[in-house]
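Residue-level structural notes
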Amino acid sequence: MKRNCTMSQLILRSLLIMMLVITVVLVMNTGQNGAMPEAKASDISIASSSGSLSVETLSHSVHRAAAAIKSSNEKIVYLSFDDGPSKLTDQVLNILKKENVTATFFVLGEHAKHSPEIIYRIEDAGHAIGNHSFNHEYDELYSSFTHFWGQIKSTEEVLKEITGVRPRLVRAPGGTYGHFDETYFDLLEKGGYKVFDWDVDSGDSKRKGVPASEIINNVTSAKLKKEMIVLMHDGTGHAETVKALPAIIKFYKKHGYTFRTLSPEQNPVQFHISASVKNKGRISPSLAWVQTNVVPNASLFGPGKPLVLEAAGVETKLDPGEYSLRNGQYQVPVRTVMERLGAQVKWDQSSKTAAIAWGDVRIVIDTRSEKITGEQGETSARISPVAINHDKSSLWIPLRTLLESSGQTIVSVAANQQERRVKAQ
Ligand SMILES: [Zn+2]
């Protein structure tokens, strides 16, 4: 690299810096960067009234812009497991725990009904749960939409009984290709569901007993994309998938991927409709049936109810939109919740940590290592992994994790027509 600068190089360099500043201002003002947890508006706006920018502000902003770029370059993998729960599910959960990653389980209603305790464990570990029909019988599911719908609803009731939550994520048995027509896609969406296919098929269900080496090879030889959903199975007979799983996780870690759970808030991956489904001679449901069954269904997931939170003798309310319900877990913006409960929250940009002081409770959320540390008085600190979501300008984490880190235990979770309520003490 040349060390000496000519005049024209200097001018060019100045121009580049100016362009960078303009870019930074644009990025900041569009609010598109999700990498600035709970920054105050005053921190963000550099279009200052004086028109001059201090070096400090500039370097700060460039630093932030870099953080924003880094965040938008984040590579995400969504591991998904279909056909469980089975005896193998616990082994899968153990591996995910050991590797400190989360995944999405598309479960069958009939298996969930027989093994509710496994559904509990999936939920408890912070994984997402989706609906994979009740019995996986293609002949029934794909004979007409009303049959498919019936199985989605019966599985949903089973899962709601166990977890208290109706899953919105749906995966079609065998995938949508060759199975779903326009009606299936449209009415499920109208009913409030999100249908997810996948990007990478691990090939573990291509035939019986596909060896782990082949499963690993299928996954690792697939083209890498910025976001990818990987299809695997944790149903009976998929012991080779369990064997392959650690290598698959290591592969994505090595390539810098973050592991996330699927969410009804994101754009789904869906296969296109194959021409062959037109020849299936299905009878479309009547308008009256759609009006009665599908249309009102979406309100089951709709917003509208505030979440009332009681913790340490303080009560506060989060309006719809100030919290979200993601696969059985309330997700909340840390600063909003803790400040309303009377805590002080400080964000440290250089270490990317949030520090909360709440009476004699100290909580630190490290967004880099995705760890939350809770300490109360003399008791020793407890450190737990935490799934963090950056949303606009906030840091969102599961309410349960936040409360437990502050030494609170959730004693009841309830909902009625007017409100949702979580009580902790
Ligand atoms: Zn399946």
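For the structure itself, consult the block above.
Residues numbered from 1 in each chain as written. Predicted model: local features only at pLDDT ≥ 70, side-chain atom pairs only at ≥ 80, totals over all residues.

Moving on, we come to the overall build of the protein. The helix and strand inventory of the protein stands at 14 helices and 21 strands. Here the protein holds 425 residues, and 36% of them are scored as buried. In the protein, of all internal contacts separated by at least 6 residues, the share reaching a separation of at least 24 is 68%. (Helix = DSSP H or I, 4+ residues; strand = E, 2+ residues; numbered from the N terminus. Buried ≥ 20, exposed ≤ 12 C-beta atoms within 10 Å, placed from the backbone. Contact = placed C-beta atoms within 7 Å.)

This brings us to unusual backbone geometry. A cis amide bond links Gly84 with the next residue in sequence, Pro85, at an omega value of -5 degrees. Within the element layout of this structure, Pro85 appears in the loop between β1 (75-82) and α4 (89-99). The phi angle at Ala312 is positive, at roughly 50 degrees, despite the residue not being glycine. In this structure Ala312 comes out as partly exposed when scored by C-beta crowding, with 16 C-beta atoms within 10 Å.

Working note: a packed helix pair is described by the angle between its axes plus the distance between those axes. Closest axis-to-axis distance for the α4/helix α6 (residues 116-124) pair is 10 Å, and the angle between their directions is 15 degrees. Judged by the inter-axis angle, α4 sits roughly parallel to α6. Classified by chirality, the crossing of α6 by α4 is left-handed. Where α4 abuts α6, its residues Thr89, Asp90 and Leu93 lie against Ile118, Arg121 and Ile122. Residues that form the contact of α4 with α6 fall into these classes: 3 nonpolar, 1 polar and 2 charged. (Axes fitted to C-alpha atoms, helices over the stretch in contact; angles between N-to-C directions. Parallel < 35°, antiparallel > 145°, perpendicular 65-115°, else oblique. Left-handed = near helix turned anticlockwise from the far one by under 90°. Nonpolar A, V, L, I, M, F, W, Y, C, P; charged D, E, K, R; others polar.)

Here we come to the nonpolar core. Among the nonpolar cores identified, the biggest contains 58 residues, and Ile119 and Val230 are the most heavily contacted of them. With 7 residues, the single largest contributor to this core is helix α8 (residues 145-163). Filtering out sequence-adjacent residues up to four positions away, Val230 remains in contact with Val77, Tyr78, Leu79, Ser80, Trp198, Val200, Ser202 and Val219. (Core = buried A, V, L, I, M, F, W, Y, C linked by C-beta atoms within 7 Å.)

Let us look at the sheet that holds strand β20 (residues 410-415). Spatially, 4 strands are ordered β10-β9-β21-β20 in an open sheet, and the strand pairing comes out mixed. For this open sheet the edge positions go to β10 (314-318) and β20, each flanked by a neighbour on one side alone. Sheet twist, expressed as the average angle between the axes of neighbouring strands with direction ignored, equals 15 degrees. Bridge analysis of β20 against strand β21 (residues 420-424) gives 5 bridges, and the strand direction is antiparallel. Residue pairing across strands places Ser412 opposite Lys423, the latter belonging to β21. (Pairing = 2+ DSSP bridges.)

Backbone hydrogen bonds hold the strands of a sheet together, and the pairing may be parallel or antiparallel. Read from one edge to the other, the open sheet built from 5 strands follows the order β13-β14-β15-β16-β17, with strand pairing classed as antiparallel. The open sheet is flanked by β13 (344-348) and β17 (382-385), the only strands paired with a single partner. Ignoring strand direction, the axes of neighbouring strands in this sheet form an average angle of 15 degrees. Relative to β17, strand β16 (residues 371-376) runs antiparallel, the two sharing 4 bridges. Of the residues in β17, the one forming a bridge with Gly374 is Arg382.

The terminal C-alpha atoms of α8, which comprises 19 residues, lie 26 Å apart, in line with the 27 Å expected from a rise of 1.5 Å per residue. Taken together, the buried positions of α8 are Phe145, Phe148, Trp149, Gln151, Ile152, Thr155, Glu156, Val158, Leu159, Ile162 and Thr163. Looking one or two places after α8, you find Gly164, whose phi comes out positive at around 85 degrees. (Expected span 1.5 Å × (residues − 1).)

As a further point, take α6. Among the residues of α6, Ile118, Ile119, Ile122 and Glu123 are the ones counted as buried. Viewed end-on, α6 has its buried residues packed into an arc of 140 degrees, placing them on one side of the element. Here the buried face of α6 lies against α4, β2 (103-107), α5 (109-114), β3 (128-131) and α8. Just downstream of α6, Gly126 is the residue with a positive phi angle, here 85 degrees. (Arc of directions from axis to C-beta.)

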